[in-house]
Amino acid sequence: MSELSAGDAIPELKTTPDKYLPHRYAGASGDFNPIHIDPEFAKAVGLPNTILHGLYMMGLTARAATEAAGGDPESLKRLSVQFRGMGAPETEIVVSGEVKSVEEGKATIEVVAAQGENVTIRNAEAEVEL
Amino acid sequence: MAIKTDAVGKEWPATTYEVGKEKIGEYARVLGIENPVHFDREAAQAAGYRDVVAPPMFCVVYSAPALGPAMFDPEVAMNFAAMVHGGQEFVWGEPACSGDEITTRAKCLEIYEKDGKGFYVFETVSTNQDGAEVARGTWTNIVRGV
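Right, let's walk through the structure included here. (Residues numbered from 1 in each chain as written. Chains lettered and ligands numbered in written order. Predicted model: local features only at pLDDT ≥ 70, side-chain atom pairs only at ≥ 80, totals over all residues. Heavy atoms only, no water.)

This part takes up the sheet that holds strand 1 (residues 13-15) of chain A. Across the sheet, which stays open at both edges, the 10 strands sit in the order 1(A)-3(A)-4(A)-5(A)-2(A)-2(B)-5(B)-4(B)-3(B)-1(B) with antiparallel pairing between neighbours. Both edges of this open sheet fall to strand 1 of chain A together with strand 1 (15-18) of chain B, since each of them pairs with a single strand only. Between one strand axis and the next, the sheet turns by 20 degrees as a mean value, whatever way the strands run. In the sheet, strand 3 (residues 101-114) of chain B pairs with strand 4 (residues 117-127) of chain B via 11 bridges, with the strands oriented antiparallel. Along strand 4 of chain B, the bridge assignment pairs Glu113 of chain B with Gly118 of chain B. (Pairing = 2+ DSSP bridges. Helix = DSSP H or I, 4+ residues; strand = E, 2+ residues; numbered from the N terminus. Axes fitted to C-alpha atoms, helices over the stretch in contact; angles between N-to-C directions.)

Have a look at this one:
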């Protein structure tokens, strides 16, 4: 059983997706939208370059919340996110969060994913069973 | 221009996905998850799972095939060139394990216009071979300049 109390910061998750991470995520998830893997296509539709899959960053958010609850995959019961800034490969992602409440063995954690000043996931709320 | 809302309430045919051990491992690895319950059958069973268990967000893998036809439906008429994935929610029930056969149904919950943007909200409900719900997803896509 993991001990979490309201106001606690969860351990930060830091990772730098390499240049080919979006290709591997596309293969793992089945989402081959070319804006994630083809720089020419991405630029043609007005993006600066290829961008990370939003659901990859949501996956990191899920991982951070699950690990904060002790690591059992079954502990994550609900996760809602809003995608905002675009994520870029080859830039460090930091997922951080704060426990908002703990009631009846369930903790609600507010989570944010960012690359420097660029917040890619905001208003994320995870519910984990302790 | 008024947004087309004819597809609200529409449901699409269910899809079925059989969960595989190596596919779970591939997905866990790309997210950097190291818990052996996602790779090793004995470790998963020692932790009380039937078989190697999927990370919660693996739900995108088994639910996406049901969502595709919904998003591309001409009746929904979403403009993909101006679309972004705006928000996402998942609620999890029974864990998904290797060997599970998961059936997903997609439905259009809402289509509405706000601040010059179109909001297209879909729901996927995934159940396993025993009829137990494994994941419920709410997918919000935003189209600029409708």
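After that view, the rundown keeps rolling.
Among the surface-exposed residues, Asp72, Glu74 and Glu129 of chain A together with Glu94 and Asp130 of chain B lie close enough to one another that they form a single negatively charged patch. With respect to the helices, strands and loops of the structure, Asp130 of chain B is situated in the loop between strand 4 and strand 5 (133-144). (Patch = residues over 30% accessible without salt bridge, like charges linked within 9 Å, V, L, I, M, F, W, Y side chains within 5 Å. Areas by Shrake-Rupley, 256 points an atom, 1.4 Å probe, with all protein chains shown as cover. Salt bridge = Lys/Arg side-chain N within 4 Å of Asp/Glu carboxyl O. Lys, Arg positive; Asp, Glu negative; His and termini not counted. Charge placed at Lys NZ, Arg CZ, Asp CG, Glu CD.)

Let's shift gears to the packing of helix 1 (residues 21-29) of chain A against helix 1 (residues 21-30) of chain B. Two elements in contact, helix 1 of chain A and helix 1 of chain B, have axes separated by 9 Å at closest approach and are oriented at 150 degrees. As the angle between them shows, helix 1 of chain A and helix 1 of chain B are arranged roughly antiparallel. Between helix 1 of chain A and helix 1 of chain B lies a crossing whose hand is left-handed. Where helix 1 of chain A abuts helix 1 of chain B, its residues Leu21, Arg24, Tyr25, Gly27 and Ala28 of chain A lie against Lys23, Glu26, Tyr27 and Val30 of chain B. Split by residue class, the contact of helix 1 of chain A with helix 1 of chain B holds 5 nonpolar, 1 polar and 3 charged. (Parallel < 35°, antiparallel > 145°, perpendicular 65-115°, else oblique. Left-handed = near helix turned anticlockwise from the far one by under 90°. Contact = heavy atoms within 4.5 Å. Nonpolar A, V, L, I, M, F, W, Y, C, P; charged D, E, K, R; others polar.)

For the rest of this paragraph, the subject is the interface of chain A and chain B. Facing the 27 residues of chain A at the interface are 28 residues of chain B. For the pair chain A and chain B, the summed buried area comes to about 2,200 Å², and 61% of that belongs to carbon and sulfur atoms. Sorting the residues of chain A by area buried against chain B places Ala28, Leu55 and Pro73 of chain A first, and these three jointly supply 25% of that buried surface. Inspection of the chain A/chain B interface yields 1 salt bridge. Residue Arg78 of chain A is joined to Glu89 of chain B by a salt bridge in which the shortest nitrogen-to-oxygen separation is 3.0 Å. On the surface where chain A and chain B come into contact, there are 11 residue pairs in polar contact (both at pLDDT 80 or more). Elements supplying a minimum of two residues to the side of chain A that touches chain B: helix 1, helix 3 (54-68) and strand 2 (76-83) of chain A. Tallied by class, the residues present in the side of chain A that touches chain B amount to 13 nonpolar, 7 polar and 7 charged. Note that strand 2 of chain A and strand 2 (residues 83-92) of chain B share 5 bridges and pair antiparallel. Of the residues in strand 2 of chain B, the one forming a bridge with Leu79 of chain A is Phe90 of chain B. (Buried area = accessible area lost by both parts, 1.4 Å probe. Polar contact = N/O pair within 3.5 Å; in protein donor to acceptor, adjacent residues only side chain to side chain.)

Honestly, it's all geometry; don't read function into it.
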